[in-house]
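Here are the chains, one letter per residue:
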Amino acid sequence: DLTAIEGDIYAGAYTDIFASYTKTRKSYLGGLIGSTKISNTVDKYATGTQALAALDLTLVSGNDTTLIGAQLAAGGDLSIDTGGDFSVQAAISSQLSEYFEQKLGLVTMTTVTENSFREAAILSTFLTGGSLSFNVGGKAELSVYDYAGIASGDLNDLYPQELLAIAGLELLAQNLADEYFYDKQVQLSPAFKALVAIALNVVMPGSGVGG
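Residues numbered from 1 in each chain as written. Predicted model: local features only at pLDDT ≥ 70, side-chain atom pairs only at ≥ 80, totals over all residues. Heavy atoms only, no water.

Draft legend 1. Expanded view of the overall build of the chain. Each helix and strand in the chain was counted, giving three helices and 18 strands. By the compact-globule yardstick of 17 Å for 211 residues, the chain is too spread out, its C-alpha radius of gyration being 30 Å. Dimensions of the chain, computed from C-alpha atoms along their principal axes, come out at roughly 105 × 30 × 30 Å. Put simply, the chain has 211 residues, and 31% of those count as buried. Sequence separation of 24 or more characterises 67% of the internal contacts of the chain that already satisfy a separation of 6 or more. Only carbon and sulfur atoms are counted for the fraction: they give 55% of the accessible area of the chain, which is about 12,500 Å². Across the chain, 10 positive and 23 negative side-chain charges occur, with their mean positions spaced 30 Å apart. (Helix = DSSP H or I, 4+ residues; strand = E, 2+ residues; numbered from the N terminus. Rg over C-alpha atoms; globule rule 2.2 N^0.38 Å. Buried < 20%, exposed > 50% of the residue type's maximum accessible area, 1.4 Å probe, protein only. Contact = heavy atoms within 4.5 Å. Areas by Shrake-Rupley, 256 points an atom, 1.4 Å probe, with all protein chains shown as cover. Lys, Arg positive; Asp, Glu negative; His and termini not counted. Charge placed at Lys NZ, Arg CZ, Asp CG, Glu CD.)

This is how it looks when you write it as structure tokens:
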């Protein structure tokens, strides 16, 4: 059991971070021809607090109770009793990817930029082999998540009916990031511009040269 008779219960989340950065560059003719590639990725995996009981599991707080991606499971009954406010949120994982590539050729210079950032919600869960009950003395809040205004699913499929039936339950809408950017540009390369300048100087010599 988890008990805080005179305090709060805050079941937060911890995050594992995996980052990778690579940069490769090739250059010829003083940098007029070559290529550059840069790749950067950051993956953040969030995991909520786990509380498992073979028999009954009880959470008792004299004040507020906050669950962030919490995984609660009981072989018997599961009960949550909070004298203050009750908040159920998701733990948020994310994936960031940034890619840049530039190729310098004799004629063209091609630049590609591709970036993406996406978040995912790891919801709190309430699993029980017996009954599930909530007793909330203050206000109750449930955060719900969507991508670009599109709901991530039916609440009745995501959460138990006992949670959704809490009197005065307030739903707090949260937007999850789902961003993507791609850009490709092709233009004349510095090498080609240099060749054109040399050719023009040969065909059209300066005024200081007599005919």
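Moving on from the coordinates now.
Draft legend 2. Fine view of a nonpolar patch on the surface. A cluster of nonpolar side chains, contributed by Y28, L29 and L32, occupies part of the molecular surface with about 320 Å² of accessible area. For L29, the position within the fold is in the loop between β3 (13-28) and β4 (33-48). A relative accessible area of 61% means that L29 is categorised as exposed. (Patch = residues over 30% accessible without salt bridge, like charges linked within 9 Å, V, L, I, M, F, W, Y side chains within 5 Å. Salt bridge = Lys/Arg side-chain N within 4 Å of Asp/Glu carboxyl O.)

Draft legend 3. Structural context of the pattern of salt bridges. The tally for this structure, following the rule as stated, stands at four salt bridges. Where E101 meets K37, a salt bridge forms, and the shortest distance between an N and an O atom there is 4.0 Å. Here K37 lies in strand β4 and E101 lies in strand β11 (residues 91-104), a separation of 64 residues in the sequence. By relative accessible area, E101 is classed as buried at 13%. Note on K37: relative accessible area 39%, which makes it partly exposed. Residues joined in a network through salt bridges with shared partners are K37, E101 and K103.

Draft legend 4. Representation of the sheet that holds β11 in the model. Read from one edge of the open sheet, five strands run β3-β4-β11-β12-β18, paired in antiparallel fashion. Among the strands making up the open sheet, the edge pair consists of β3 and β18 (178-188). Averaged over all pairs of adjacent strands, the angle between strand axes in this sheet comes to 5°, irrespective of strand direction. Bridge count for β11 against strand β12 (residues 108-122) is 14 bridges, and the pairing is antiparallel. Bridged to Y99 within β12 is E114. (Pairing = 2+ DSSP bridges. Axes fitted to C-alpha atoms, helices over the stretch in contact; angles between N-to-C directions.)

Draft legend 5. Local environment of the sheet that holds strand β8 (residues 71-74). Ordered by their spatial adjacency, three strands build an open sheet running β5-β8-β13, and the pairing between neighbours is parallel. Edge positions in the sheet fall to β5 (50-53) and β13 (125-128), since each has one partner strand and no second. In this sheet, adjacent strand axes meet at a mean angle of 5° when their direction is disregarded. Relative to β8, β5 runs parallel, the two sharing four bridges. Bridge pairing links Q50 to Q71 in β8.

Draft legend 6. The arrangement of the side chain of T36 in detail. Positionally, T36 belongs in strand β4. We classify T36 as buried; its relative accessible area is 15%. The contact partners of T36, leaving out residues within four places of it in the chain, are K23, T24, R25, F100, E101 and Q102.

Draft legend 7. Summary view of the packing of aromatic side chains. As enumerated under the stated definition, the model contains three aromatic pairs in all. With a centroid separation of 5.6 Å and 75° between ring planes, the pair formed by F126 and F134 is classed as edge-to-face. Overall, the relative accessible area of 7% leaves F126 in the buried class. (Phe/Tyr/Trp six-rings, centres within 6.5 Å; stacked < 30°, edge-to-face > 60°.)

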